[in-house]
Amino acid sequence: MSNKEWPLWEVFIRSKQGLNHKHVGSLRAADAEMAVSNARDVYTRRSEGVSIWVVESSHVHASHPTDADALFEPAHSKVYRHPTFYDVPEGIEHM
Amino acid sequence: MKELDINELERRFQEKIDKDIKIEPNDWMPDNYRQTLIRQISQHAHSEIVGMLPEGNWITRAPNLRRKAVLLAKVQDEAGHGLYLYSATETLGADREDTIDDLHSGKAKYSSIFNYPTLSWADMGAIGWLVDGAAIMNQVPLCRCSYGPYARAMVRVCKEESFHQRQGYEIMTTLANGTPEQKAMAQDALNRFWWPALMMFGPSDKDSKHTAQSMAWKIKRQTNDELRQQMVDITVPQAELIGLTVPDPDLKWNEERGHYDFGEINWDEFWNVVKGNGPCNKERVEARRKAKENGAWVREAANAYAAKQKMKKAS
Amino acid sequence: MDNALFEYLVRLGDDSLILGHRLSEWCGHGPILEEDIAMTNIALDLVGQTTSILKYAGEVEGKGRTEDDLAFLRYEREYRNTLLVEQPNGDFGVTMMRQFLFDAFRKPLFEQLVNSSDAQIAAIAAKSLKETKYHFKHSAEWVIRLGDGTEESHERVQNALNDLWRYTDEMFFTDEVDRDLESRGITFSMEDLKNTWQETVKSVLDQATLEIPTNGWQHDGGRKGLHSEHLGYILAELQYMQRAYPGMEW
């Protein structure tokens, strides 16, 4: 058990208050505490962040690329979800 | 979902590449593309990590506190860059530890430049200016590489490296404007690092076995010789500006081509260093191997502690 | 010139200088890449502290010496760091234990000094405290991990503690310099500092399942310029360029 590589963690950084955490890369760490510290040293050396999330990579579940057609294409035809779909008279404001 | 035959998958893959659509980790990709990327990215990562050693060699001897801090920060960045790149290879299914073992066994290569010794403080200048200069030239086009995680890592690396070359040139400028001893030290460093820096772009196009396929896959965006020419054209005036002489008697501006003509690279030396016969090959790999070996008990202890904590939480 | 203040600043600055030097020796050789980066970060903080503390020391001295003159051009007997920080890196366990024993002292020290009546010291302490809090967290976590990790790591880090313990008392060395500064509100009680240090160290070592050595003998000398044999070699490297090429700009 103990003689193996440290688990891989995905790192997410909030670059400033008001913005989402964004995936920036990964690193190795033995536990969550260490993963946060390592993320601080590896990914925020130039003041890139104000907050860090780490998630063990094995806990990330992803959609499969081959399902992309079925998952994402049906939304393409539903243009009525976008405001530009609708005609409004010239000169109208605040809409 | 119906099974697509391999030809169709490859056709679609190449179509994406041609349209400049990035390939992401879980996307289908030809096995060769994957292997080429793993080879190239891990080589790149190893170069960063081995590259820490020749400069690390001077941290404790840096001539003042400012230079010491800068050098420390630079070598630290290289560790960071190695890490970003190993992360990119992990997205291709190559474990970092296996990748590193390939370096230690001699199976994987790294940039031959790091097998040259750093003999004086001026070498810190020459490395920043020439070696990082060449690296940046190599890397900027890679920010547009077809593989998403590699391209993103390169964007980060290039952004961070912009100070590396400047600090090197600053060291060279200070030395070139200093006492005769300092100027001689700078010239000597340029003499030793000029040719190895040009070799960093790899074998000549006619001898490069990977170039054509890598260009088609947009893993590589410019040929070795194109980049090398660019390096010479940009660097020669920088040397002249601070009064240093590029050690190449054949160097001459070619009005017609709009480029410098330069002398033939000693390819024997290049291949010899690649094969492991450079002045420091043995020492570099040995240092990395030792770091891993000496750290084994530390990594093991951290695992054991994490496991105990997990158990405690569960109970 | 304020002799006591100068002396105090040199003691403070030399601890950062020499420990930063030791940590920077790890650069490129850490047990894993992530830790290499972490140790370099700490070394960088220490070089930064050295710069601001010795710069101020030079100003207090008023003889035109810069931070670099002080860092690179004194003789061995003029360095005032504790013996602890000049001890060799050993394995990672020794390095982390040395760091932990030092951080557990430095953190409350800077917590005191942010209230110094000397504005410069207060400002330096405020910046350094933020850095040192992180150093302490890092080294304490490692001491706990290694102490409560495997049998081998426990033994290694217990040995490190046994070897380094005899240099810990010196961090609380007190003489007329300290008494003078304390009377002016520039520094504060070493007694309080030592109590805080003892509590912290005990609590972390308990978590790490490590035992405080019973051998009470303690060395000193560093604060008076009497060092171990190790410092000479550190200075040989540190001062190499300045000694070999005197008086040049770099």
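Quick caveat: nothing in here was measured; it's all calculated off a predicted structure.

What counts, and at which threshold
- Residues numbered from 1 in each chain as written.
- Chains lettered and ligands numbered in written order.
- Predicted model: local features only at pLDDT ≥ 70, side-chain atom pairs only at ≥ 80, totals over all residues.
- Heavy atoms only, no water.
- Helix = DSSP H or I, 4+ residues; strand = E, 2+ residues; numbered from the N terminus.
- Rg over C-alpha atoms; globule rule 2.2 N^0.38 Å.
- Buried < 20%, exposed > 50% of the residue type's maximum accessible area, 1.4 Å probe, protein only.
- Contact = heavy atoms within 4.5 Å.
- Buried area = accessible area lost by both parts, 1.4 Å probe.
- Salt bridge = Lys/Arg side-chain N within 4 Å of Asp/Glu carboxyl O.
- Polar contact = N/O pair within 3.5 Å; in protein donor to acceptor, adjacent residues only side chain to side chain.
- Pairing = 2+ DSSP bridges.
- Axes fitted to C-alpha atoms, helices over the stretch in contact; angles between N-to-C directions.
- Nonpolar A, V, L, I, M, F, W, Y, C, P; charged D, E, K, R; others polar.
- Phe/Tyr/Trp six-rings, centres within 6.5 Å; stacked < 30°, edge-to-face > 60°.
- Lys NZ or Arg CZ within 6 Å of the ring centre and 35° of its normal.

A. Geometry of the overall build of chain A. Along its length, chain A carries two helices and three strands. Going from N to C terminus, chain A has its helices and strands arranged as β-β-α-β-α. Its C-alpha atoms give chain A a radius of gyration of 21 Å, more than 25% over the compact-globule value 12 Å for 95 residues. Along the longest, intermediate and shortest principal axes, the C-alpha atoms of chain A span 70 × 35 × 15 Å. Across the 95 residues that make up chain A, the buried fraction comes to 31%. Taking as baseline every contact in chain A between residues at least 6 positions apart, the subset at least 24 positions apart corresponds to 43%.

B. Quick peek at the interface of chain C and chain B. Taken together, the contacts link 47 residues of chain C with 45 residues of chain B. Both sides together, the interface formed by chain C and chain B hides about 3,900 Å², and carbon and sulfur atoms give 70% of it. On the chain C side of the contact with chain B, Leu33, Met241 and Trp250 of chain C bury the most area, a combined 18% of that side's loss. For the interface between chain C and chain B, the tally reads two salt bridges. The salt bridge involving Lys308 of chain B is made with Asp148 of chain C; its shortest N-O contact spans 3.0 Å. Applying the counting rule to chain C against chain B returns 12 residue pairs in polar contact (both at pLDDT 80 or more). Counting only elements with at least two residues in the side of chain C that touches chain B, the list comes to helix 1 (3–24), helix 2 (33–61), helix 3 (67–72), helix 5 (92–113), helix 6 (119–147), helix 7 (151–164), helix 10 (230–238) and helix 11 (240–244) of chain C.

C. Structural detail: the sheet that holds strand 2 (residues 21–28) of chain A. Residues and elements named next belong to chain A. Strand order in this open sheet of three strands is 2-1-3, and the pairing throughout is antiparallel. Looking at the sheet topology across the chains shown, the edges are occupied by strand 2 and strand 3 (51–56). Strand after strand, the sheet turns through a mean of 30° between neighbouring axes, direction not considered. Across six bridges, the pairing between strand 1 (residues 8–14) and strand 3 is antiparallel.

D. Spatial organisation of the interface of chain C and chain A. Taken together, the contacts link 10 residues of chain C with 12 residues of chain A. Both sides of the chain C and chain A interface together cover about 1,100 Å² of buried area, and 54% of this is carbon and sulfur. Looking at the side of chain C facing chain A, the largest losses of area belong to Glu34, Tyr134 and Arg145 of chain C, adding up to 46% of the total buried there. A salt bridge links Asp31 of chain A to Arg145 of chain C, with the nearest nitrogen and oxygen atoms 3.2 Å apart. Here chain C is connected to chain A by five residue pairs in polar contact (both at pLDDT 80 or more). Contributing elements (two or more residues each) for the side of chain C that touches chain A: helix 2 and helix 6 of chain C. If one sorts the elements of the side of chain C that touches chain A by residue count, helix 6 of chain C sits on top with five residues. Partitioned by chemical class, the residues of the side of chain C that touches chain A number five nonpolar, one polar and four charged.

E. Quick peek at the packing of aromatic side chains. The full count for this structure, using the stated rule, is 21 aromatic pairs over all chains. Arranged with centres 5.5 Å apart and planes meeting at 85°, the rings of Phe105 of chain C and Phe172 of chain C form a pair that is edge-to-face. You can see Phe105 of chain C sitting in helix 5 and its partner Phe172 of chain C sitting in the loop between helix 7 and helix 8 (176–183), a full 67 residues away along the chain. The buried category is assigned to Phe105 of chain C, whose relative accessible area is 3%. Among the aromatic residues, ring-to-ring pairing joins Phe102, Phe105, Trp165, Phe172 and Trp197 of chain C into one connected group. Sitting over the ring of Trp58 of chain B, Arg61 of chain B keeps its end group 3.7 Å from the ring centre. In this structure, Lys107 of chain C packs its charged tip against the face of Phe136 of chain C, placed 5.3 Å from the ring centre.

F. Region of the structure containing unusual backbone geometry. The phi dihedral of His94 of chain A falls on the positive side, at around 55°, and the residue is not glycine. With respect to the helices, strands and loops of the structure, His94 of chain A is situated in the segment after helix 2 (68–72). Although it is not a glycine, Thr209 of chain C sits at a positive phi angle of roughly 55°. By the secondary structure assignment, Thr209 of chain C is in the loop between helix 9 (190–207) and helix 10.

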